[in-house]
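Here is how the chains run, residue by residue.
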Amino acid sequence: MNPYVLMILLSSLGLGTTLTFASSHWLLAWMGLEINTLAIVPLMAQHHHPRAVEATTKYFLTQATAAAMILFASTTNAWITGEWDMNNMSNPIASTMVITALALKIGLAPMHFWMPEVLQGLDLLTGLILSTWQKLAPLALIIQVSQAIDPLLLTSLGIMSTLAGGWGGLNQTQLRKILAYSSIAHMGWMIIILQYAPQLTLLALGTYIFMTSAAFLTLKTSSATKINTLAMAWSNNPTLTATTALVLLSLGGLPPLTGFMPKWLILQELTKQNLPATATIMALAALLSLYFYLRLCYAMTLTISPNTANSTTPWRVKTTQTSLPLTISTTIALGLLPVTPAILMLAS
């Protein structure tokens, strides 16, 4: 892609998200979401592969549907209350419609079906943008309107997402689909705690972004899109394979890695709010996700590929890819647990 065009598209992505962040008026927030969607569509379809075009079309249709629902809900709210302000979502029908539309935008269950299909059709870097940056604007809106939403609805969305994300990833062999289901499960964790401790939602989002970035950038470096490709990663790059296994365990939420921190604090907060049943369901749902991360770890580090390569030994071939973003995201994805008290001090 032409670098000038790429620069314009990435700037528009940033502009759309910033507009939504900065707005307290529904029309301006809607405009930011639309700019965001229109900026990523050319990035998704840039390879002109039929699969990429199909994924782009699916993505565009779901996002356009969600945007239309947001516009309809905010217009209904303005019609009834007389103002477009986000903080005044007093009408229950409008607020339910808004949360449904925003759930469709970020891929919360039961509106998650587009997410694995779309992510499977994209290259890894565009998939990374879709899994991280594209979640920011809708989540900012969900956080702003969360106090007006029925708590039972938010809890149901959270539990369904963690369960759907766990169950869905179990029988997958495509890495991008596994990461899509992982994303759905993580979104569930963010939504479940939103009404009780919004700062924990932001903490979970931050750790999720770094862990997912590390996973996507690793797969990009090793050019892996299927589980059986991972079995050959060991001989190519032993150090990267070892850190990748740890990143995957961090995504699963095992101590002493970064991914344990948000899950631990969220379960603690749910217990404090006298919701032991919800906390138990969430902890059990996390085990489902952990199973498919362990499958990936097993394929990467505990199996040796049966293939014999007759070419130049792969580890002698120098890579041209920059490794700094991967290094930073992997370090953060692995080593942030000891600074939990400091993060809690900042959050409170």
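The rules behind each value
Residues numbered from 1 in each chain as written. Predicted model: local features only at pLDDT ≥ 70, side-chain atom pairs only at ≥ 80, totals over all residues. Heavy atoms only, no water. UniProt positions renumbered as here; feature names shortened; annotations may be inferred. Helix = DSSP H or I, 4+ residues; strand = E, 2+ residues; numbered from the N terminus. Salt bridge = Lys/Arg side-chain N within 4 Å of Asp/Glu carboxyl O. Buried < 20%, exposed > 50% of the residue type's maximum accessible area, 1.4 Å probe, protein only. Axes fitted to C-alpha atoms, helices over the stretch in contact; angles between N-to-C directions. Parallel < 35°, antiparallel > 145°, perpendicular 65-115°, else oblique. Left-handed = near helix turned anticlockwise from the far one by under 90°. Contact = heavy atoms within 4.5 Å. Nonpolar A, V, L, I, M, F, W, Y, C, P; charged D, E, K, R; others polar. Polar contact = N/O pair within 3.5 Å; in protein donor to acceptor, adjacent residues only side chain to side chain. Domains from an automatic or database assignment. Buried area = accessible area lost by both parts, 1.4 Å probe.

The protein chain carries the name NADH-ubiquinone oxidoreductase chain 2 in an unreviewed UniProt entry, which gives Platysmacheilus exiguus as its organism. As its UniProt record puts it under Subcellular location (unreviewed entry), the protein chain is described as follows: "Mitochondrion inner membrane".

Caption draft 1: Just the UniProt feature "transmembrane region" (unreviewed entry) in the protein chain, in detail. UniProt annotation of "transmembrane region" (unreviewed entry) refers to residues 57–80, 92–113, 152–171, 178–196, 202–219, 240–257, 277–294 and 324–347 when read in the numbering used here. The distance separating the terminal C-alpha atoms of residues 152–171 is 30 Å; by composition the span is 90% helix and 0% strand. Across residues 240–257, helical content stands at 72% and strand content at 0%; the span's end C-alpha atoms are separated by 17 Å.

Caption draft 2: Summary view of the pattern of salt bridges. One pass over the full model with this rule turns up 5 salt bridges. When the shortest N-O distance is used, the salt bridge between Glu 117 and Lys 177 registers 3.6 Å. With Glu 117 in helix α5 (residues 114–120) and Lys 177 in helix α9 (residues 175–192), this pair connects stretches of sequence that are 60 residues apart. Judged by its relative accessible area of 29%, Glu 117 falls in the partly exposed class. Residue class for Lys 177 comes out buried when judged on its relative accessible area of 17%. Because the salt bridges share partners, they merge into one network encompassing Arg 51, Glu 54, Lys 58, Glu 117 and Lys 177.

Caption draft 3: Geometry of the packing of helix α8 (residues 151–169) against α9. Interaxial distance between α8 and α9 falls to 7 Å at its minimum, and their mutual angle equals 160 degrees. Looking at the two axes, α8 sits roughly antiparallel to α9. By crossing handedness, the relation of α8 to α9 is classed as left-handed. Residues Leu 154, Thr 155, Leu 157, Gly 158, Ile 159, Ser 161, Thr 162, Ala 164, Gly 165, Gly 166, Gly 168 and Gly 169 of α8 pack against Ile 178, Tyr 181, Ile 184, Ala 185, Gly 188, Trp 189, Ile 191 and Ile 192 of α9. Looking at the contact of α8 with α9 residue by residue, the class counts come to 11 nonpolar, 9 polar and no charged.

Caption draft 4: Layout of the side chain of Ser 329. By the secondary structure assignment, Ser 329 is in helix α16 (residues 324–335). Among the polar contacts listed, one links the side chain of Ser 329 to the backbone oxygen of Pro 325, at a separation of 2.9 Å. One polar contact links the side chain of Ser 329 to the main-chain carbonyl oxygen of Leu 326, over a distance of 3.2 Å. Apart from the residues within four sequence positions on either side, Ser 329 is in contact with Phe 210, Ser 213, Ala 214 and Leu 217.

Caption draft 5: Summary view of the environment of Leu 248. Assignment of secondary structure puts Leu 248 in helix α13 (residues 238–252). The buried category is assigned to Leu 248, whose relative accessible area is 6%. In this structure, Leu 248 is in contact with Tyr 293, Leu 296, Cys 297 and Met 300, ignoring residues within four places of it in sequence.

Caption draft 6: Local environment of the domain arrangement of the protein chain. Partitioning the protein chain into structural domains gives domain 1 (1–149) and domain 2 (199–306 + 323–347). Placing the centre of domain 1 and that of domain 2 at their C-alpha centroids yields a distance of 25 Å. With 11 residues of domain 1 at the interface, the matching set in domain 2 holds 12 residues. Counting each side, the surface lost to burial between domain 1 and domain 2 is near 990 Å², with a carbon and sulfur contribution of 89%. Looking at the side of domain 1 facing domain 2, the largest losses of area belong to Leu 124, Leu 128 and Thr 132, adding up to 49% of the total buried there. For the side of domain 1 that touches domain 2, the element with the most residues is helix α6 (residues 124–131), which contributes 5 residues. Split by residue class, the side of domain 1 that touches domain 2 holds 7 nonpolar, 3 polar and 1 charged.

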